[in-house]
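# Architecture at a glance
Given next are the chains, with one letter for each unit.
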Amino acid sequence: MNAQQFLAEFGHVANAPGGVDSLRSMVLSLAFSGRLTTSSGASVEPLIEAIERRRAAANIETRVQRLARDRAHRAVDQGYFAIPDGWRWVSLSSVGHTWGQKKPTEDFYYIDVSSIDNKAGMLSPVLEVVSASAAPSRARKIVKKGTLIYSTVRPYLLNVAIVNRDVNRELIASTAFAVVHPWRGIEARYLYHYLRSPHFVRYVESVQIGMAYPAISDDKFYSGLVPIPPTEEQVRIVAKVDELMALCDQLEEQQQDRRKLQNALRQSTLQALAGAQSPHELQTSWQRLQANFGRLFSDASDVAELRSLLVELAIRGVLTPEGIQESGNDPARPAVPQSIQRAGRRFAKVTHVDPPFDLPATWTWALFDELLDGSDSGWSPKCEAEPRRQGEWGVLKVSAVTWGEFRADENKRLPPSLDPRPECEVKAGDFLLSRANTADLVARSVIAPLDVPDRLLMSDKIVRLSFVDPELKPWVNLVNNSHFAREHYRLNATGTSDSMRNVSRQVIHELPIPLPPKHVQMAVMQRLAELNLLCDSLEDGLKDKAWCSARLSEVAIAALTGINIEQTEDTAVKAPQTELIAPLRLAMPPDVKAQAPLATILVRHQGEMAARDLWQRFGGEIDAFYAQLKTEVAHGWIAEPEVAQMREKAAAEAARA
């Protein structure tokens, strides 16, 4: 593919999934192979010789840099790809130097991964001031204005930045960074772009170690090669790359704006259809959806909203055949059969339903309370943070009950010292409802499957509901997981924060249930299943379209850049059956909770948690978590961690991994 053909296909390339990122990679690939700007033909040798003289005079090269430079010197003739005459391959240890390391003795600005804006390639506006006494053990590397820092931990995140300003305190970076302060004649931003280019990324991937938490050593980093043109060409390349990257940013912003507009149009169209109050409104809204269907659904993730709409139409009686809706010879059966005496307690304070919307003639409204013959919840024992092991008892988390899905592996281990409560055990066919979660996730329900595992107990935040007529469970589960029901729960949920809200038994029992005759329930759910199969086909088609579009983009760019794209089949990796457990324990409650978020979490969890669980509750990057952990250990709030221990994973967890 030549440049003219590429321009003809530009729209397909740019609009493919990840298309703009592919364009950015193409720009960098062309830039560092000398094809983005016109080469001056001048030689870089005078610059290389001048740098060597300055290096010898400064005598500040570390042993690691010297060894890396010596190894790279034997390989520079090969390089990673062809470069113009006059350029030269050199190692990263040759283009810059470090400022050494030290243990801070006074207040300083600490730079970790959270301190940089990797997209802009510079420090964040606000830097953290740390006292010498609270300095993390990784705070050692000295940096100054103009220094380039590269995160060697999880390098795929491309946390690269240039120290872009002078400050009134010493700047100390984490040892998780490799440091390069360019010699005069080497543009820092030229190196910044190169370290983010696909060429250097491929080199890093070839030498990094670790899978879940990959890293590249300083030695391997400094051994990496970089193509160096004369300074004047570096400046022109940087200017052109910055210009094209700005255009890519602009294109990406336009795509995001277009996507937001599409989402808003799709949501308003679906809402109008779901809220239609008359046959005329329903027909008009449906025609609008039909006429714009291709414009409204362009991504597989959009289909979820269509599925949600179908549920809303189902519970409003729109999906049933007209004859079933309007036949008056088979009215809805009474909510509570007269022959059955309720044994369960009533929780609803209201006695009738104010109809939220119109129903077909043969349908009726009922309170959830009228359909139930009792409800019970589990208990709240002091559980282990880790999931149960094989053969042990576990207590379900609220996340175990989601919309139409039962997640048995979402549980906490019941300590062997506590006796289980058999009456709280989950059985096949149980109608379970989770009362607590975020405001948009409360009161999700599910019918426990036939293959529900043994030895699983309900927590006090999960309610098991018993029905006067068990055959109503599938229909009520459909209604309870609809947007209509979610809005009822969202408006009536209580709690002090959005991160954890609750609904009371009263709120649950006062949910209005649109109730059709039984044969209509079955007909509606059958029709809904058929439409969901069509949604599956639509979803698969959009995924295939996205895949083909992405491949076209990759092949087109590969043809221009010369970087071959190797497509390999995904191979299943056997999940490890063991994992490391590192317990963390509270040493002393903190005086100022804001300064000790980890210790504060431990206080709320009986003073002990697994390191993984604590990190997940902390909610930050892993590097920030470890930095905070070391700070709190140094202050004496958290005890010095013990050596991690290996344990067998629970079978369900190992399978999910």
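Right above here is the structure, for reference.
In this report, the structure presented in the accompanying data block is examined. (Residues numbered from 1 in each chain as written. Predicted model: local features only at pLDDT ≥ 70, side-chain atom pairs only at ≥ 80, totals over all residues. Heavy atoms only, no water.)

## Some points on the pairing of strand E26 (residues 512-515)
Formally: Only protein chains enter the accessibility calculation, which uses a 1.4 Å probe; a residue is then buried when its area is under 20% of its type maximum, exposed when over 50%, and partly exposed in between. For the purposes of this entry, the term helix denotes a DSSP run of H or I that reaches at least four residues, the term strand denotes a run of E that reaches at least two, and both are numbered from the N terminus. Only strands that DSSP links by at least two bridges are regarded as paired with each other.
The alternating pattern of E26 places Pro-512 and Pro-514 and Ile-513 and Leu-515 on opposite faces, both of which are buried. Where strand E13 (residues 364-367) lies against E26, 4 bridges are found, and the strand directions are antiparallel. Each bridged residue has a counterpart across the sheet, and for Ala-366 the counterpart in E26 is Ile-513.

## Things to note about the environment of Arg-24
Our working definition: Contacts: residue pairs with any heavy atoms within 4.5 Å of one another.
Relative to the assigned elements, Arg-24 resides in helix H3 (residues 19-31). Every residue in contact with Arg-24, bar those within four places of it in the chain, is listed here: Met-245, Cys-248, Asp-249 and Glu-252.

## A look at the pattern of salt bridges
For clarity, the cut-off: We define a salt bridge as a side-chain nitrogen of Lys or Arg found within 4 Å of a carboxyl oxygen belonging to Asp or Glu.
Counted by the stated rule, this structure contains 29 salt bridges. The shortest N-O distance in the salt bridge between Glu-52 and Arg-55 comes to 2.7 Å. Pair noted here: Glu-52 and Arg-55 are both in helix H4 (residues 45-58), with a separation of 3 residues, about one helical turn. On the basis of relative accessibility, which here comes to 31%, the residue Glu-52 falls in the partly exposed class. Linking Arg-551 and Glu-554 is a salt bridge whose minimum nitrogen-to-oxygen distance equals 3.1 Å. With a gap of 3 residues between them, Arg-551 and Glu-554 both fall in helix H19 (residues 518-561), about one helical turn apart. For Arg-551, a relative accessible area of 19% puts it in the buried group. Several salt bridges share partner residues, and in doing so they unite Asp-21, Arg-24, Lys-119, Asp-249 and Glu-252 into one network.

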